Amino acid sequence: MPATLLSDEDRVTRLPALGETGWMGVADRDALRKIWKFKSFSEAWGFMSRAALAAEKLNHHPEWSNTYNVVDVTLTTHDCDGLSALDVELAQRMDKLAGDATVVRNHSEPVDCLCKLHAGGKGAA
């Protein structure tokens, strides 16, 4: 069964709770984005591994990137060209899997990863 866009009612009832955990809308897209900073690359990679298994079980895969201890995730459902119940479910699962990682709430600024700190702020990876 193909995914369908979230109804207006579902958007009003389900999205605010995700917003409280740091998920934010994406400009010019019907999508959600969240950025986590973990204590280390290993913790970030562990999160991504657990999240990948959850995504595979849902057959719904995130757009994401990883730079050292930072994981940047965007969720949208390409089948329906916007947010669906799959995005809400995967977001909730990822929140549980992230543990005590720091949530970056300002998406307008670049996020410095630990590699920059270790390199004395020179930006070396």
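Residues numbered from 1 in each chain as written. Predicted model: local features only at pLDDT ≥ 70, side-chain atom pairs only at ≥ 80, totals over all residues. Heavy atoms only, no water.

J.: Got a minute to help me understand the pairing of strand β2 (residues 32-37) in this structure?
T.: Successive side chains on a regular strand alternate, one facing one side of the sheet and the next facing the other. Bridge count between strand β1 (residues 24-25) and β2: two bridges; the pairing is antiparallel. Of the residues in β2, the one forming a bridge with G25 is L32. Between the end of β1 and the start of β2, which pair antiparallel, lie six residues, with D28 showing a positive phi angle near 65 degrees. Pairing analysis gives six bridges linking β2 to strand β4 (residues 70-75), with the strands arranged antiparallel. Looking at the pairing, K34 lines up with V73 of β4. Here β2 runs beside strand β5 (residues 102-104); their pairing, made up of three bridges, is antiparallel. Of the residues in β5, the one forming a bridge with I35 is V104. (Pairing = 2+ DSSP bridges. Helix = DSSP H or I, 4+ residues; strand = E, 2+ residues; numbered from the N terminus.)

J.: Mind showing me how you'd approach the pairing of strand β3 (residues 63-67) here?
T.: In this sheet, β4 lies alongside β3 in antiparallel orientation, the contact comprising five bridges. Paired with W64 across the strands is V73, a residue of β4. Linkage of β3 to β4, two consecutive antiparallel strands, is achieved through a turn of two residues, within which Y68 is found at a positive phi near 50 degrees.

J.: Looking at this model, I keep getting lost on the nonpolar core. Mind explaining?
T.: Side chains that are nonpolar tend, in soluble globular proteins, to be buried together. Of all hydrophobic cores here, the largest spans 24 residues; its most connected members are W23, W36, F38, F47 and M94. Listed by contribution, the elements that provide at least two residues to this core are α1 (8-20), β2, α2 (41-58), β4 and α3 (85-97). Ranked by residue count, the leading element in this core is α2, at seven residues. (Core = buried A, V, L, I, M, F, W, Y, C linked by side-chain atoms within 4.5 Å. Buried < 20%, exposed > 50% of the residue type's maximum accessible area, 1.4 Å probe, protein only.)

J.: What exactly am I supposed to notice about α1 here?
T.: Residues three or four positions apart in an α-helix share a direction because the helix packs 3.6 residues into each turn. If you check α1, its first and last C-alpha atoms are 19 Å apart, about what 13 residues at 1.5 Å a residue would give, namely 18 Å. The axis of α1 is deflected most strongly, by about 35 degrees, at R14, and proline P16 appears within four residues downstream. G22 occupies a position one or two residues after α1 and carries a positive phi of about 115 degrees. (Expected span 1.5 Å × (residues − 1). Bend = angle between axes of the 7 residues up to and from the residue.)

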